Every structure is written in C-alpha cells, then in structure tokens.
Amino acid sequence: MGTNFSSSADNLISSSLVSSQLIHRHTLSTCYDAIFDISLSSTTNSILLSDDGRLRSFSIDLENNCQLIETTISSNKVLTHEQIHDIVWSTQLNRFLVLTSKRLTTYDQENNLIDLDLGLEKNSPPFWRMACWSSHLIVNLGLGISLRYHTLSSSSSIPLIQTYTRSSLGYTNSDLLSSVSLSPQLILAINVELTNNRHVIDLFSIADEKNFQFLKRIHTNEPCALDIITSLRDYTWLCKSHWPSDDCLCLIESDGQVNKLNLHDQNGYILNLRLLTDRSHLVIIRTANKLPKEIDPNELNRIDEDEEQQQQQITHGRKREIIGKLPGNLLLEIYKIPDLVK
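Residues numbered from 1 in each chain as written. Predicted model: local features only at pLDDT ≥ 70, side-chain atom pairs only at ≥ 80, totals over all residues. Heavy atoms only, no water.

Chemist: Please explain the overall build of the protein as it appears in this structure.
Modeler: A tally of regular secondary structure across the protein gives two helices and 26 strands. In the protein, buried positions account for 50% of the 342 residues. For the protein, contacts bridging at least 24 residues in sequence account for 48% of all contacts bridging at least 6. Taken as a whole, the protein presents about 16100 Å² of accessible surface, with 45% of it coming from carbon and sulfur. (Helix = DSSP H or I, 4+ residues; strand = E, 2+ residues; numbered from the N terminus. Buried < 20%, exposed > 50% of the residue type's maximum accessible area, 1.4 Å probe, protein only. Contact = heavy atoms within 4.5 Å. Areas by Shrake-Rupley, 256 points an atom, 1.4 Å probe, with all protein chains shown as cover.)

Chemist: Sorry if this is basic, but what is going on with the sheet that holds strand β1 (residues 21-28) here?
Modeler: The pairing of strands in a sheet comes from backbone hydrogen bonds and takes either a parallel or an antiparallel form. Reading across the sheet, the four strands line up as β1-β26-β23-β22 and stay open at both edges, with antiparallel pairing between neighbours. Across the chains shown, the open sheet's two edge strands, defined by having one partner strand only, are β1 and β22 (270-275). For this sheet, the mean angle separating the axes of adjacent strands, direction not counted, is 20°. By the bridge criterion, five bridges tie β22 to strand β23 (residues 281-287) in an arrangement that is antiparallel. Each residue of the ladder has a partner; that of Ile-270, found in β23, is Arg-286. (Pairing = 2+ DSSP bridges. Axes fitted to C-alpha atoms, helices over the stretch in contact; angles between N-to-C directions.)

Chemist: I would appreciate a short explanation of the nonpolar core in the present structure.
Modeler: Generally speaking, nonpolar side chains in soluble globular proteins are found buried as a group. Judged by nonpolar contacts, the single largest core of 20 residues is most densely connected at Leu-188, Ile-190, Ile-206 and Phe-212. Elements that contribute at least two residues to this core include exactly β12 (146-151), β13 (160-165), β14 (176-182), β15 (187-193) and β16 (199-205). Not counting chain neighbours up to four residues away, the residues in contact with Ile-190 comprise Leu-147, Leu-177, Ser-179, Val-180, Val-200, Ile-201, Asp-202 and Phe-204. With 17 residues, the next largest nonpolar core counts Leu-28, Cys-66, Leu-276 and Ile-334 among its residues. (Core = buried A, V, L, I, M, F, W, Y, C linked by side-chain atoms within 4.5 Å.)

Chemist: Whenever I open this one, the pairing of strand β10 (residues 127-133) confuses me. Can you help?
Modeler: Two faces make up the sheet, and in a regular strand the side chains alternate between them. Pairing analysis gives six bridges linking β10 to strand β11 (residues 136-141), with the strands arranged antiparallel. Residue pairing across strands places Trp-133 opposite His-136, the latter belonging to β11. With antiparallel pairing between neighbouring strands as the criterion, β10 and β11 make up a hairpin whose turn holds two residues, including Ser-134 at a positive phi of roughly 55°.

Chemist: How should unusual backbone geometry be read in this particular structure?
Modeler: Among all residues save glycine, negative phi is the norm, and among peptide bonds the norm is trans. Even without being a glycine, Ser-134 presents a positive backbone phi close to 55°. With respect to the helices, strands and loops of the structure, Ser-134 is situated in the loop between β10 and β11. What makes Ser-134 partly exposed here is its relative accessible area of 29%. Positive phi values are uncommon outside glycine, yet Leu-143 reaches one of about 55°. The residue Leu-143 is located in the loop between β11 and β12 in this model.

Chemist: When you look at the sheet that holds β14 in this model, what are you seeing that I'm missing?
Modeler: One open sheet accounts for four strands, arranged β14-β15-β16-β17; its pairing is antiparallel. Two strands lie at the open edges of the sheet, namely β14 and β17 (213-219), each paired on one side alone. Looking at each pair of strands side by side, their axes are set apart by 25° on average, direction ignored. With seven bridges joining them, β15 and β16 adopt antiparallel strand pairing. Of the residues in β16, the one forming a bridge with Ile-190 is Asp-202.

Chemist: Got a minute to help me understand the pairing of strand β19 (residues 236-241) in this structure?
Modeler: Here β19 lies mainly inside the structure; six of its six residues are buried. Judged from the four bridges that link them, β19 and strand β20 (residues 249-252) form a sheet pairing that is antiparallel. Bridge pairing in β20 places Lys-240 opposite Leu-249.

Printed below as a string of structure tokens:
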C-alpha cells in the first residue's frame, strides 16, 4: 500500500465542520466517563453510552430537530465491579460492542448483555481500547503492552489473527499506546505518549494482517496534544485536545498538517464526539464549563468518599443527587453539518 496522503476534499471538510450549527442539547446528570458510540445502521441513528457504569441507549429523531428518545430498558448497573473502557458499533454484527477491563460484550436480540468469545487470559493486562471496521477488530491491552488483531466473523467466532507487542511495532516499553481508530482504508491510527511526554499519532496500514506497515508519524504537541477520534475521508482524521490542554477540535489533513477548528456555541471541554454515518451530524459530550488545569488529588478523594456515602443514604425513599468528579452536569450536543462531502 502506498503512502500518498493527498486529498482534494480537506478544505471542504474543514469549512463544513466549522460551519456546523448546534440544533439540540441534552443534559446528562451522572455521566462521568462519556464513553459512547453511534450506530451506523441504515435504519436508525442510535446512541449507546456509559453513564456512571450504566449503559443507556437513545435514538436520534432526525425529523424532529434531533430530539433524543431514551430507549434504555433497564437503568441498573449491568457490569458490576467492571469499568467500561470502550463502546463501538460493529457493522459486521449490526450491534454495539462494549469493552470492559475484563471482557467483550454485546446485546442479543432481546437486549440482554452477553459475552462474546474474547475472554481475558490469566495474567494478561486488562483490555483498554478497541477499534472496529467491518470484520476487522483491533484490541489494545494494557496501554499497548499488546495489540491483538481479530477477525469478527460472528458473535460466537472471533479468531485471533496476530498479536503485536510494543517492540514489534517499534516502541519502547515506556511508550504508552492509548486510543486507537480504524479507517475504511484499513489505516490504524494510534495515540502514543512517548517516554519524553510528547504526544504523537502513528498511522499503520493493516492491509497485510500479518505485518502492520508503519506509514507516518504526526506530531501533535502543536497547537496542543491531541486524541484521535475518527477518520473522515481518505487520510484525514478528526481529533480533540488532550486534557489538560486548552479545549479544541482539530483536523489532521492528508499531508499531516494540523488545523484547529472552532465550533459555534462551544464552551466547555469536549470529552468525546462522534459523527453519524452519513456525516450529516456531529454528536459531542462535553462539560458545561472549562476544566481546571489541575485538580487536587485530595479533592478527588473527598468527592469519591462523599459519593460513596450518598449512594448509601436514602432520603424520603429516594437516593440523594450525586455530583460527579467533573464540574456540573455534562451536556450531549448534536450539531448539523452543512454540505459535508460524503
């Protein structure tokens, strides 16, 4: 596979995103982690998100100003003592995949959460992040201790094709591999924090499943350290700033240039974002206000203790309101993207 990173549509994508208009805002009262994904189904636009250990589902009513209709069947915590690390939509299975620290799960036809055939072996590092496109599934264990390449044949068959270690991909044991994203062209983007604390995004071709081919390194400390979100078109990538950097959205263009994007009506810190499959709308979860550059660890410990006490205290038959670690409630916003090239 060649390394031609040219694309004539970069400028049009940039202008379309900048011109996006906020059309709906929904308040999330307890969503700490903001891990979510949007279905790529042709029949429905739905969102599955992790809300304080609970999985909540919504449908987006595009005909009614993108109003959110909650379709959650049960609000109970479905993954007790497990942290949800990632949620992605599988076009191969036509359902959401939910990755915890210990297992990969999905929903069956009756909306029951079931385990897939991808368990964590004894003494293995915990699952961290995943990327999925068609039948290709990449699972990141232990911040890059290993990357596993699976074929997503069915919910009962997820054979392991190849395992890559940090050293086999050219990293040192001190380099941290965090978020991963996979494009339709089978380009794998990996967020890496190097030993010198510099943040880079590395691109690999996985067309040869037995030998990932390094393509390009993008240095993202200017204008700020970035977290990869998703591929847009050809070799362009949408990213957000890495906390505690100043909040921003950025587009990494086909030549590796990083351009900052400024959305209208955007104030708080962006925790996560996704695009609808037709690129017509952008969904963002953010804080209502900017985050402080530093948070006192003692303050976080105090909040944890307060929350634990509040969860146990019942006032007039109802649980007291729990305020999360982030300042104020989180907001889920939907933006309309005009004339975006598909």
